[in-house]
Amino acid sequence: MNTHATPLSSPDTPSIVRFGIVGMTCASCVGRVERALKAVAGTIDATVNLSTEQATVRTSTPQALPALHAAVAAAGYEAAIDSVALRIEGMTCASCVGRVERALRAVPGVIASSVNLATERAAVMINAGTDAALLIKAIVDAGYQANIADAESSSVPTPTKSAGAAKERRHLIWATMLSLPLMAPMLAMPLGIHLMLPGWLEWLLATPVQFWLGARFYRAAYKAVRARTGNMDLLVAMGTSAAYGLSVFHLLRDGIGVNHAPLYFEASAVLITLILLGKWLEARAKRQTTEAIRALQSLRPEQARRREGDQEIWVPLEMIRVDDVVVVLPGERIPVDGLVLEGISQVDESLITGESMPVAKHTGDAVIGGAINGEGRLVLATEAVGAQSRLARIIRAVEDAQAKKAPIQRIVDRVSAVFVPVVIVLALITLLAWGVSTGDWSRAILNAVAVLVIACPCALGLATPTAIMTGTGVAARAGILIKDAEVLEVARSVTVVAFDKTGTLTEGRPTLVQRLAIRGDDNALLDDAASLQAGSEHPLSKAVLQAATDGQRRIVPATKVAAVVGRGVRGDVAGRELVLGSERWMDELGVDRSVMERIGLGLDASAQTTAWLAERSATGTVVRGVLTFRDAPRTTAREAVDQLHALGLRTVMISGDRRAAAEAIATELGIDTVIADTLPEQKAQAVTALTDAGDHVAMVGDGINDAPALAAAAVGFAMGSGTDVAMETAGVTLMRSDPRLIADAIEISRRTTRKIRQNLFWAFIYNAIGIPLAALGMLNPMIAGAAMALSSVSVVGNTLLLRRWRPHTHEE
């Protein structure tokens, strides 16, 4: 499908927007979509073509795409949308981020864009079919360089970046060597040593610093001016040029041979040197924030040992396909996701799941690519490789989370949009105020220079993304995958944690503990129940079938079997129509309640779940008996609940079990509140009710039936052992089935958000104090430059303290 959006050249004339639509099947769909599009404010006319699946809209509203797409979604269809990741070079501050985002959003077909200063990447949502070359052109026109980030790329330094880092280090060394002689007189003066370099020598030393080593600031400033905007480089170029130019003026006016002219070459040269130092330190610190991603990427082997007949041959990993047989020797890294065909071993999955102890693997067990094989030889059947592997999906999830902005970042974006112009105006006011009031224009220029160089939007731009990168990175190393920055920020405000029981607080492997028959014997009851559930993958069905197998019972598969969601199963066994399910379903079928209450008196107190067997006939439905099950709590469940209580959170268990059984396990685990007898669809209603009561709810689940509740919660937590649907719906995925990770996830969310707020406070307060001091003449330009250079370093350094965090599960 080739779809695009095309505006006319003038913003005062209507624009033509075209985009694809998915899901239309007939003429009535076309009519519904057209009516929805025409209802959007600014729409002049809209037509939809069913055969090409394309909408053409004439609108008077600039940037109407998001509203048009929302209208299509409200009508029950989807706009055809693609996402593009771009790598951007040349950004230096928060103002650059805003400029790139504005340039991208102005491209026809762009729906939304988000630029991350710390990762130097942009995530762009576009109409399917929009030419990515237009995005790159827009960024280049804005004064930066860009290229498409391929699917396997990440924030790991590339050879080009490494070469760039080496060049920056060389430039810093040259700048330091040239600036030190200029600073020597100032450093020696407190010691009573008076050194004075000839003016011509100062000029000779300062010039290469200004125009060779400082050329990067001029280039970036020129691009900013050409794009009619401003950035940090413009402030640096203006400030240092003013100090350098004033010195040259005085030198030429008073004569090159005169040593008494007021010269400020050391100010301009040292300013550039300090800023280069700050940028170098900042780059080093930023690389440390991506350590988690680099560690994950390093787990990808380049080759695998594939079995071909009687031979085992090393082949590049990209040649491995699903169902290939791969051999892994002791001590080697497992190259693929697969199932163990032969062998027994212990596997170290710590860097993937956060599990500190090796995990035993036997025939039929699943293994994760990137884990390290222990002492045994393993033969694996490949299930996933490349981008479909679990490791690749983890890396992708972490990078996606790091690319997105936290809600608090919107404040920074609004400030940075006007930051540079405001600073330039303040510098001009400082210049005129000092010059007019004192007549000392040299002093006025130096104070204006101090205003220009003290103002640093870098710290503002790095405050949020570096914290998010570090927080999501250390969380991933602990086995906690956080979906995006918004989830990270919202999780800190959680007040209630609601648990699904089975598979979350319990092992998810129930066992049959009791069977009570009313008519016939207990074994016949088990036979009928097993016959109804033959072939089912439900955990309770497996427990029944296992009990029948252990008892060597004869299983006759039922006919006309049908599952009734949330209630049970029905079918015909030996000509009888049987139903097996919940007590609620028995009530709906009109079973004699007194019979159920009488048999219920004999239930095992440890039973958590009951399944009633009844026989249906023309005369009604009669209970035959009941089966009871117990699912052992996870060994770490009680500790997980205690940790949540220690964080000041309330715990709730939402279960489909009967109330007495649910309350028994809740008491065992220390859970505060129980919501029992719930159908799958009622779990979401329970979460909504808690939210309506004023709580911020986190829901923890692992199954398909938990997905609505996970979506209804403020934050959804999916157990890594659960279904893909649950993990896709949840905001946080726990890579191993340890409920203690929930408290760890909330704690890292709180710590990361606290770091973001600390960083923003220091970034704002730094400028709020520094700019007035500079304007009042209380800051030497060199001190201002040093402070500016170190401001962003201090923000990133504060963020890196997050790397010290360790999950409670590692404190054992």
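What you see is a predicted model; the values in this text were computed from it and never measured.

What counts, and at which threshold
- Residues numbered from 1 in each chain as written.
- Predicted model: local features only at pLDDT ≥ 70, side-chain atom pairs only at ≥ 80, totals over all residues.
- Heavy atoms only, no water.
- Helix = DSSP H or I, 4+ residues; strand = E, 2+ residues; numbered from the N terminus.
- Buried < 20%, exposed > 50% of the residue type's maximum accessible area, 1.4 Å probe, protein only.
- Contact = heavy atoms within 4.5 Å.
- pLDDT = per-residue confidence, 0-100.
- Expected span 1.5 Å × (residues − 1).
- Pairing = 2+ DSSP bridges.
- Axes fitted to C-alpha atoms, helices over the stretch in contact; angles between N-to-C directions.
- Parallel < 35°, antiparallel > 145°, perpendicular 65-115°, else oblique.
- UniProt positions renumbered as here; feature names shortened; annotations may be inferred.
- Polar contact = N/O pair within 3.5 Å; in protein donor to acceptor, adjacent residues only side chain to side chain.
- Salt bridge = Lys/Arg side-chain N within 4 Å of Asp/Glu carboxyl O.
- Phe/Tyr/Trp six-rings, centres within 6.5 Å; stacked < 30°, edge-to-face > 60°.
- Bend = angle between axes of the 7 residues up to and from the residue.
- Core = buried A, V, L, I, M, F, W, Y, C linked by side-chain atoms within 4.5 Å.
- Domains from an automatic or database assignment.
- Patch = residues over 30% accessible without salt bridge, like charges linked within 9 Å, V, L, I, M, F, W, Y side chains within 5 Å.
- Areas by Shrake-Rupley, 256 points an atom, 1.4 Å probe, with all protein chains shown as cover.
- Lys, Arg positive; Asp, Glu negative; His and termini not counted.
- Charge placed at Lys NZ, Arg CZ, Asp CG, Glu CD.

Description of the overall build of the chain
At step 1: When its secondary structure is counted, the chain shows 28 helices and 31 strands.
At step 2: The proportion of buried residues among the 812 residues of the chain is 51%.
At step 3: At a minimum sequence separation of 6, the contacts of the chain that also span at least 24 residues come to 69%.

Brief notes about the confidence of the model for the chain
At step 1: The predicted model of the chain averages 81 in pLDDT, with 88% of residues at 70 or higher.
At step 2: Of the regions scoring below 50 in pLDDT, residues 151-160 engages in 20 contacts with residues more than four places distant in sequence or in other chains.

Some details on helix 6 (residues 199-213)
At step 1: With 15 residues, helix 6 extends 21 Å from end C-alpha to end C-alpha; this agrees with the ideal 21 Å at 1.5 Å per step.
At step 2: Inspection of helix 6 places Gly199, Glu202, Leu205, Ala206, Val209, Gln210 and Leu213 among the buried residues, and these make up the whole buried set.

Description of the sheet that holds strand 16 (residues 366-367)
At step 1: One open sheet accounts for six strands, arranged 11-10-12-18-13-16; its pairing is antiparallel. At either end of the open sheet lies a strand with only one pairing partner, and these are strand 11 (311-316) and strand 16.
At step 2: As defined by bridge partners, strand 13 (residues 337-342) adjoins strand 16 across two bridges and the pair is classed as antiparallel. Residue Gly338 lies in a different strand from strand 16, and its bridge partner there is Val367.

Here's the deal with the packing of helix 14 (residues 441-454) against helix 27 (residues 740-775)
At step 1: Orientation of helix 14 relative to helix 27, taken along the N-to-C sense of each, is 170 degrees, at an axis distance of 8 Å. It follows that helix 14 is roughly antiparallel to helix 27 by the angle criterion. Across from Asn447, Ala450, Val451 and Ile454 in helix 14, the residues of helix 27 making contact are Tyr766, Asn767, Gly770, Ile771, Ala774 and Ala775.

Structural notes on the sheet that holds strand 17 (residues 372-373)
At step 1: Here we have three strands laid out as an open sheet, ordered 15-14-17, and antiparallel in their pairing. Every interior strand has two partners, whereas the edge strands, strand 15 (359-361) and strand 17, have only one.
At step 2: Where strand 14 (residues 345-348) and strand 17 come together, two bridges link them in antiparallel fashion. Directly across from Asp348, in strand 17, lies its bridge partner Ile372.

Focus on the UniProt feature "transmembrane region" (unreviewed entry) in the chain
At step 1: Within this numbering scheme, the UniProt entry marks residues 234-252, 264-281, 415-435, 441-463, 759-776 and 782-802 as carrying the feature "transmembrane region" (unreviewed entry).
At step 2: Here residues 264-281 runs as 94% helix and 0% strand, with 26 Å between its end C-alpha atoms.
At step 3: Helix makes up 94% of residues 759-776 and strand 0%, and the two end C-alpha atoms of the span are 26 Å apart.

With respect to the pairing of strand 13
At step 1: Direction of pairing for strand 13 relative to strand 18 (residues 378-384): antiparallel, over a ladder of five bridges. Of the residues in strand 18, the one forming a bridge with Leu339 is Ala381.

Some points on the environment of Asp672
At step 1: Of note, Asp672 is situated in the loop between helix 23 (659-669) and strand 28 (673-675).
At step 2: What makes Asp672 partly exposed here is its relative accessible area of 43%.
At step 3: Along the chain, Asp672 and Leu649 lie 23 residues apart, while their C-alpha atoms are 10.0 Å from each other.
At step 4: Polar contacts involving the side chain of Asp672 include one to the side chain of His645, which spans 3.1 Å.
At step 5: A polar contact of 2.9 Å, which involves the side chain of Asp672, links it to the backbone nitrogen of Thr651.

A few points about the pattern of salt bridges
Opposite charge on two side chains lets them pair, provided their charged atoms get close.
At step 1: By the definition in use, this model includes 28 salt bridges.
At step 2: Taking the shortest distance from any N to any O, the salt bridge between Arg105 and Glu101 comes out at 3.7 Å. Of this pair, Arg105 and Glu101 both sit in helix 3 (residues 94-105), four residues apart, which is roughly one turn of that helix.
At step 3: By relative accessible area, which is 37% here, Arg105 ends up partly exposed.
At step 4: Of the charged contacts in the structure, one is a salt bridge between Glu588 and Arg567, with a shortest N-O distance of 2.9 Å. One end of the pair, Glu588, is in helix 20 (residues 583-588); the other, Arg567, is in the loop between strand 22 (559-564) and strand 23 (568-573), with 21 residues separating them in the sequence.

Quick look at the packing of aromatic side chains
At step 1: Applying the stated criterion across every chain, the model contains five aromatic pairs.
At step 2: Geometrically, the ring pair formed by Phe211 and Tyr244 is edge-to-face, given 5.1 Å between the ring centres and 90 degrees between the ring planes. On the criterion of sequence distance, the pair formed by Phe211 in helix 6 and Tyr244 in helix 8 (residues 232-254) is long-range, its members being 33 residues apart.
At step 3: Owing to a relative accessible area of 43%, Phe211 belongs among the partly exposed residues under this scheme.
At step 4: Members of the aromatic cluster, each reached through a chain of ring pairs, are Phe211, Tyr218, Tyr244 and Phe265.

Section: helix 15 (residues 458-477)
An α-helical segment advances 3.6 residues per turn. Residues three or four places apart therefore align on the same side.
At step 1: Relative to the 28 Å expected for 20 residues at 1.5 Å per residue, helix 15 spans 28 Å between its end C-alpha atoms, a close match to the ideal helical length.
At step 2: The largest bend in helix 15 comes to about 25 degrees, at Thr464, with the proline Pro465 one to four residues further on.
At step 3: Burial within helix 15 is extensive, with 19 of its 20 residues counted as buried.
At step 4: Positive backbone phi, at 90 degrees, marks Gly479, one or two positions downstream of helix 15.

Brief notes about the nonpolar core
Proteins that are soluble and globular tend to have nonpolar side chains buried together.
At step 1: One finds Ile480, Val497 and Phe717 to be the most contacted residues of the largest nonpolar core, which totals 124 residues.
At step 2: Among the elements that line this core, the one with the most residues is helix 27, at 12 residues.
At step 3: Two domains share this core, each providing at least three of its residues, namely domain 1 (15-148) and domain 3 (472-505 + 633-750).
At step 4: Setting aside residues no more than four positions away along its own chain, Ile480 makes contact with Ala475, Val732, Thr733, Leu734, Leu741, Asp744, Ala745 and Trp805.
At step 5: Of all hydrophobic cores here, the second largest spans 25 residues; its members include Ala304, Ile320, Val340 and Leu481.

Quick look at a positive patch on the surface
At step 1: A grouping of Lys167, Arg169, Arg170 and Arg219 is seen on the molecular surface, where their side chains present a positively charged patch.
At step 2: The element that contributes the greatest number of residues to the positive patch is helix 5 (residues 159-188), accounting for three residues.
At step 3: In this structure, Arg219 sits in helix 7 (residues 215-226).
At step 4: Given the relative accessible area of 52%, Arg219 is considered exposed.

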